[in-house]
Amino acid sequence: LRTIEDSLGQNHPSAIKYIYDLGFFYLQTGRPKEAKDLVERVHLHYSADGTETLDLARALKLLGVLSGKERKYSDAELYYKRALAIVNTTGDTTSGIGADILNNLGLIYYEQGRYEEAIEMYKSALLKLQDRYGLISVQLDPTLSNLAWALWKSGKSVEAIGLWQRRLEMYGRLSDQYV
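Everything numeric here is computed off the predicted structure, so don't read it as measured data.

Q: What's the story with the pattern of salt bridges in this structure? I'm lost.
A: Side chains that carry opposite charge are capable of pairing whenever their charged atoms lie near each other. Counted by the stated rule, this structure contains 14 salt bridges. Lys17 is the salt-bridge partner of Asp21, the closest N and O atoms lying 3.0 Å from each other. Here Asp21 pairs with Lys17, and both are found in helix H2 (residues 13–28), just 4 residues apart, close to one helical turn. Exposure remark for Asp21: the relative accessible area of 34% places this residue in the partly exposed category. A relative accessible area of 46% places Lys17 in the partly exposed class.

Here it is, written out as structure tokens:
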């Protein structure tokens, strides 16, 4: 990191991208403290000029993930909502970050026992994913599963079972494509 910052400068776009990627790597490898320090630097960089970009939304999303892992749910919710507002403002429909944020917000609500709010987020995420990937795609599976569990927890077992059946049918159709 120091070598990149020394050669390119601390605020060079490639250096900022590297810092973000390193923060993501630290998160994935169980080093949340190091990840948070780096992602906060990225967040400060993208927030400095007041321009709300998808890069800022990505940093906010990652800060939401980190806050959720620390069980700082109110912080995570704020990060996700701000990131989602930016995504909606930019009109982004191609990156998939909106669905990720909605799914993650659903996870935060689910962990707090706020099942109705989780269901709402998962349904919104699923609509975005279906628009992007169609009705039959492995990309839908995590959100379908999350939605089914939230429905189950909220006492809507018939709907939950229907989603689990849909997942099985989806995998059956997908496996037929590869036989």
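From this point, the discussion proceeds with the structure in view.
Q: Mind showing me how you'd approach the nonpolar core here?
A: What tends to happen in soluble globular proteins is that the nonpolar side chains get buried as a cluster. If you look at the biggest cluster of nonpolar residues, it comprises 50 residues, and the most contacted ones within it are Val42, Tyr80, Ile101 and Leu147. Counting residues per element, the ones that place at least two in this core are H2, helix H3 (32–47), helix H4 (54–69), helix H5 (73–90), helix H6 (97–111), helix H7 (115–133), helix H8 (141–153) and helix H9 (157–177). Of the residues forming this core, the biggest block, 8 residues, is contributed by H4.

Q: Got a minute to help me understand H2 in this structure?
A: Across its 16 residues, H2 extends 23 Å between first and last C-alpha, which sits within 8% of the 22 Å expected from 1.5 Å per residue. Turning to H2, its buried residues are Ala15, Ile16, Ile19, Tyr20, Leu22, Gly23, Tyr26 and Leu27. One face of H2 carries all of its buried residues, which in axial projection span an arc of 160°. For H2, the exposed residues lying more than 90 degrees away from the buried face are Pro13 and Gln28. Note on H2: the residue one or two positions beyond its end, Gly30, has a positive phi of about 80°.

Q: Mind showing me how you'd approach the layout of surface pockets here?
A: Taking a probe equal in size to a water molecule and rolling it over the atoms shows the remaining empty space. Approximately 280 Å³ is the volume found for the largest pocket. Along the walls of the largest pocket sit 14 residues, with Val65, Lys69, Tyr80, Asn104 and Leu107 positioned nearest its centre. Put simply, the parts of the chain that give the lining of the largest pocket at least two residues each are H2, H4 and H6. The dominant element in the lining of the largest pocket, judged by the number of residues it contributes, is H4, at 5 residues. Taken together, the residues that form the lining of the largest pocket break down as 8 nonpolar, 3 polar and 3 charged.

Q: What exactly am I supposed to notice about H7 here?
A: Since there are 3.6 residues in each turn of an α-helix, residues three or four apart along the chain are aligned in direction. In this model, H7 (19 residues) spans 26 Å end to end at C-alpha, consistent with the 27 Å of a helix rising 1.5 Å per residue. Listing the buried residues of H7 in full gives Ala118, Ile119, Met121, Tyr122, Ala125, Leu126, Leu129 and Gln130. Of the residues one or two after H7, Gly134 is the one with positive phi, at around 90°.

Q: Looking at this structure, how should I read the packing of H3 against H4?
A: Angle between the axes and distance between the axes: these two values describe a pair of packed helices. One way to put it is that H3 packs onto H4 with a least axis distance of 9 Å and a crossing angle of 150°. Taken as axis vectors, H3 and H4 run roughly antiparallel relative to one another. The handedness of the crossing between H3 and H4 comes out as left-handed. Contact residues: H3 offers Pro32, Ala35, Lys36, Val39, Glu40, Val42, His43, Tyr46 and Ser47, while H4 offers Asp55, Leu56, Ala59, Leu60, Leu62, Leu63, Leu66 and Ser67. Looking at the contact of H3 with H4 residue by residue, the class counts come to 11 nonpolar, 3 polar and 3 charged.

Q: Looking at this structure, I do not really get the packing of H6 against H7. What am I missing?
A: Where H6 meets H7, the axes come as close as 8 Å, and the angle between the chain directions of the two elements is 165°. Judged on the interaxial angle alone, H7 and H6 are roughly antiparallel. Handedness of the crossing formed by H6 with H7: left-handed. In this structure, H6 uses Gly98, Ala99, Leu102, Asn103, Leu105, Gly106, Leu107, Tyr109 and Tyr110 to contact H7, whose residues at the interface are Tyr115, Glu117, Ala118, Met121, Tyr122, Ser124, Ala125, Lys128 and Leu129. Across the contact of H6 with H7, the residue classes tally to 12 nonpolar, 4 polar and 2 charged.

What counts and how
- Residues numbered from 1 in each chain as written.
- Predicted model: local features only at pLDDT ≥ 70, side-chain atom pairs only at ≥ 80, totals over all residues.
- Heavy atoms only, no water.
- Salt bridge = Lys/Arg side-chain N within 4 Å of Asp/Glu carboxyl O.
- Helix = DSSP H or I, 4+ residues; strand = E, 2+ residues; numbered from the N terminus.
- Buried < 20%, exposed > 50% of the residue type's maximum accessible area, 1.4 Å probe, protein only.
- Core = buried A, V, L, I, M, F, W, Y, C linked by side-chain atoms within 4.5 Å.
- Expected span 1.5 Å × (residues − 1).
- Arc of directions from axis to C-beta.
- 1 Å grid on protein atoms, 1.4 Å probe; cavity = no way out; pocket = protein on both sides within 12 Å on 5 of 7 lines; lining within 4 Å.
- Points joined across faces, edges and corners; volume = space filled by probe spheres on them.
- Nonpolar A, V, L, I, M, F, W, Y, C, P; charged D, E, K, R; others polar.
- Axes fitted to C-alpha atoms, helices over the stretch in contact; angles between N-to-C directions.
- Parallel < 35°, antiparallel > 145°, perpendicular 65-115°, else oblique.
- Left-handed = near helix turned anticlockwise from the far one by under 90°.
- Contact = heavy atoms within 4.5 Å.

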